[in-house]
Structure formats: C-alpha cells, structure tokens
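Listed below, chain by chain, are the residues.
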Amino acid sequence: PGTLLATFGLGALVYGLIEAPTAGWGDPRAFGSVSAGVAALAAFLLVERRSSAPMVPPRLFRIRTFTAANLLTFFLYAALSAALFYLPFELIQSRGYSPSAAGAAIFPLIVLVSVLSRPAGMLADRIGPRVPLTVGPLVAAGGYDLLKNRALFSRDDLGMFAVGFVAAFISAFVVIRWLIRYIST
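**Digging into a nonpolar patch on the surface**
Among the surface-exposed residues, Phe-107, Ile-110, Val-111, Leu-112, Val-115 and Leu-116 lie close enough to one another that they form a single nonpolar patch of about 500 Å² accessible area. Residue position: Ile-110 is located in helix H4 (residues 99-127).

**A few points about the packing of helix H3 (residues 64-94) against H4**
At a minimum axis separation of 9 Å, H3 and H4 run at an interaxial angle of 140°. Taken together, the axes of H3 and H4 lie oblique to each other. Crossing handedness for the pair H3 and H4: right-handed. Note on element contacts: H4 touches H3 through Pro-99, Ala-102, Ala-105, Ile-106 and Leu-109, opposite Leu-84, Leu-87, Pro-88, Leu-91 and Ile-92. For the contact of H3 with H4, the residue count by class is 10 nonpolar, no polar and no charged.

**Quick word on the packing of helix H1 (residues 2-23) against helix H2 (residues 28-50)**
As a packed pair, H1 and H2 sit with axes 7 Å apart at the nearest point and diverge in direction by 155°. When the axis of H1 is compared with that of H2, the two are roughly antiparallel. As H1 runs across H2, the sense of the crossing is left-handed. Of the residues in the contact of H1 with H2, the class split is 19 nonpolar, five polar and three charged.

**Section: the packing of aromatic side chains**
With the rule as written, the count across this model stands at three aromatic pairs. Centre to centre, the rings of Phe-74 and Phe-75 are 5.3 Å apart; their planes meet at 70°, and the pair counts as edge-to-face. Since its relative accessible area comes to 51%, Phe-75 is described here as exposed. Here the aromatic rings of Phe-85 and Phe-89 are separated by 5.3 Å at their centres, their planes lie at 65°, and the arrangement is edge-to-face. With Phe-85 and Phe-89 both in helix H3 and four residues apart, this pair spans about one turn of that helix. Phe-85 gets classed as partly exposed once you look at its relative accessible area, which sits at 48%.

Rules used throughout
Residues numbered from 1 in each chain as written. Predicted model: local features only at pLDDT ≥ 70, side-chain atom pairs only at ≥ 80, totals over all residues. Heavy atoms only, no water. Patch = residues over 30% accessible without salt bridge, like charges linked within 9 Å, V, L, I, M, F, W, Y side chains within 5 Å. Areas by Shrake-Rupley, 256 points an atom, 1.4 Å probe, with all protein chains shown as cover. Salt bridge = Lys/Arg side-chain N within 4 Å of Asp/Glu carboxyl O. Helix = DSSP H or I, 4+ residues; strand = E, 2+ residues; numbered from the N terminus. Axes fitted to C-alpha atoms, helices over the stretch in contact; angles between N-to-C directions. Parallel < 35°, antiparallel > 145°, perpendicular 65-115°, else oblique. Left-handed = near helix turned anticlockwise from the far one by under 90°. Contact = heavy atoms within 4.5 Å. Nonpolar A, V, L, I, M, F, W, Y, C, P; charged D, E, K, R; others polar. Phe/Tyr/Trp six-rings, centres within 6.5 Å; stacked < 30°, edge-to-face > 60°. Buried < 20%, exposed > 50% of the residue type's maximum accessible area, 1.4 Å probe, protein only.

Following this line, the structure appears as structure tokens:
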C-alpha cells in the first residue's frame, strides 16, 4: 500500500502542478490533483510509519547526518535538473546558439561526468565526506551564480561560461557521487 500511495501522491501532485499554470489554481483539476497528491503523501507517511517493512525506515530520519545528506542530495539534484533543463533554452534563445551548438556546449559535461565518477567515489572512500560535502555545494552554487549572471559573459566570452559550467555541474555531480557513497554505507 505504501508504494501505491507514494506513486499516486507524486503523480497527482505533478499533474496538478503541470495543469495549474494553464487552467488556474481554482480549476478543480489543478487544485483537486494537488490536494489529492498531498493527502496521498500524508497517508503514505502514516502507512510507512506503521508498516512492518517500510520502503525506508522512518527512524533513519531521526539521524541528523542521514537527514542532512538526503536533503543535500535532493537540493543538488533539483538544481542540477533545473539547470540542465533551462540551460539549452538559455543558450538557444538568449545567446543565439543553434540547437546543435547548444548540445555541443553541454556535451563535455557528459564526458567529464563519465570520467570523474569513479575517481570521485574512490576519493570519497579515502578522505571521508565532511570536506567534499561542505566545499562541493559551495563551488556548485558559485558556478550556478556565474551561469545566471548574464552580464558576466556573452556569446563571445565563453571563458566565463566554461568556468561557471564546470564549477556548477562537475562539482554537483562529484558531490552527488560522494553523497550516494556516503548514504549507502
């Protein structure tokens, strides 16, 4: 029952949030879906609390480190997903890139993540989580700030774009790799 409630709750919430901008918050589809999603997620929490085999034991969230690491992971993935969604639009619409050029500008990220994931995991095992989980999100935030500030770079000034891009995305992926390693142990 917990899995069904979580699936329904998240699905209804997403559907309502998608419908709300076009239909309006007063529309029964939007408001009803969001309300049903919130209610289902609340029911999910109650069911999981009483379940003999919960998806994630709620008692784990009493551990501050576990909760903090999961929240940090959530926020990093949210920032990363939003940036990867909006960056191509920014490059195409505001910077004048062609769709192919925008894809090519983002392609090095895929290569760097592929190359750095394994070494980041090995380094995480050697030095522990405290420094990377503190410094990494700060570097990622600085990189995102560079990317958002249009005044810092134009289409001709790719150096600042590259600095922001690498700082934001690579540090976020490396920190996420550390978090996954840390949470799973």
